[in-house]
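# A look at the structure
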Amino acid sequence: MLAVATIKSAIALLILLVLQLELFSSLRFFGVMPELLLGAAIAAGWYGGPIGGAVVGFSGGLFYDLYLATPMGLNALTYAIVGYLLGQIATFLSDEAEWVIRITISVASVTLGLLLFVTFGELIAEPNLYNRNFGKVLVVASLYTGLLMAPIHYMMAWVFGVARFPTSGFDR
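The structure displayed is predicted, hence computed values, not measured ones.

Attention now goes to the overall build of the protein. The helix and strand tally for the protein stands at six helices and zero strands. Counting helices and strands in the order they occur from the N terminus, the protein gives α-α-α-α-α-α. Seen through its C-alpha atoms, the protein measures out along the principal axes to roughly 45 × 35 × 30 Å. Classification of the 172 residues of the protein by burial places 47% in the buried group. Here the contacts in the protein between residues at least 6 apart in sequence split such that 72% fall between residues at least 24 apart. Put simply, the protein shows about 8,800 Å² of open surface, and 71% of that area lies on carbon and sulfur atoms. Side-chain charges in the protein split into 7 positive and 9 negative, and the spacing between the mean points of these groups amounts to 5 Å.

Look at helix α4 (residues 99-123) against helix α5 (residues 134-147): their axes get within 9 Å of each other, and the N-to-C directions meet at 145 degrees. The hand of the α4/α5 crossing is right-handed. Listed contacts from α5 to I103, V107, V110, T111, L114, L115 and V118 of α4 are F134, V137, L138, A141, S142, L143, T145 and G146. Looking at the contact of α4 with α5, its residues break down into eleven nonpolar, four polar and no charged.

Between its first and last C-alpha atoms α5 spans 20 Å; for 14 residues at 1.5 Å apiece the expected length is 20 Å, and the two agree. Residues of α5 that are buried include every one of F134, L138, V140, A141, S142, Y144, T145 and G146, and no others. Of the surrounding secondary structure, the elements contacted by the buried residues of α5 are α4 and α6 (149-159).

Mapping Y47 onto the fold places it in helix α2 (residues 36-65). Between the alpha carbons of Y47 and G87 there is a distance of 7.7 Å; along the sequence they are 40 residues apart. Ignoring anything within four residues of it in the chain, the contact list for Y47 reads W99, R102, H153, M156, A157, F160 and V162.

Conventions used here
- Residues numbered from 1 in each chain as written.
- Predicted model: local features only at pLDDT ≥ 70, side-chain atom pairs only at ≥ 80, totals over all residues.
- Heavy atoms only, no water.
- Helix = DSSP H or I, 4+ residues; strand = E, 2+ residues; numbered from the N terminus.
- Buried < 20%, exposed > 50% of the residue type's maximum accessible area, 1.4 Å probe, protein only.
- Contact = heavy atoms within 4.5 Å.
- Areas by Shrake-Rupley, 256 points an atom, 1.4 Å probe, with all protein chains shown as cover.
- Lys, Arg positive; Asp, Glu negative; His and termini not counted.
- Charge placed at Lys NZ, Arg CZ, Asp CG, Glu CD.
- Axes fitted to C-alpha atoms, helices over the stretch in contact; angles between N-to-C directions.
- Left-handed = near helix turned anticlockwise from the far one by under 90°.
- Nonpolar A, V, L, I, M, F, W, Y, C, P; charged D, E, K, R; others polar.
- Expected span 1.5 Å × (residues − 1).

Set out below in structure tokens:
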């Protein structure tokens, strides 16, 4: 069962990585791309718990680090921490939590992830992560990723074998 989840998560992360690097690099709002792999770590925390969120976050961050010019492991560390924290939060919430709650917490988690990324980058003296446009990037990236969180949630539910999706937010 673990091997199947590993293969599914690798497929999902590679699809999201290709979308991030190829499609959404051209579809920017105000010059900002969504953070699909961070969204995957967040959704993995919802469905796979703290360990699943951390593993998917680390793997997705490492895939993304291979492409970016930032220090190797910076995204991996950030995404793993956020995925783990979301897994901890998800253990306290009901499985029947409405989609509005899930998406709202996911958007707040993207904001946390971006803040952690810049904080860790500043701690290791990485230049140009924090600049005068950081506030705009933080808001736009969080909201843009939030728009794409529903399909990412479905993808990570498939990865972790969740048979039943919560529908309480869609049947009103």
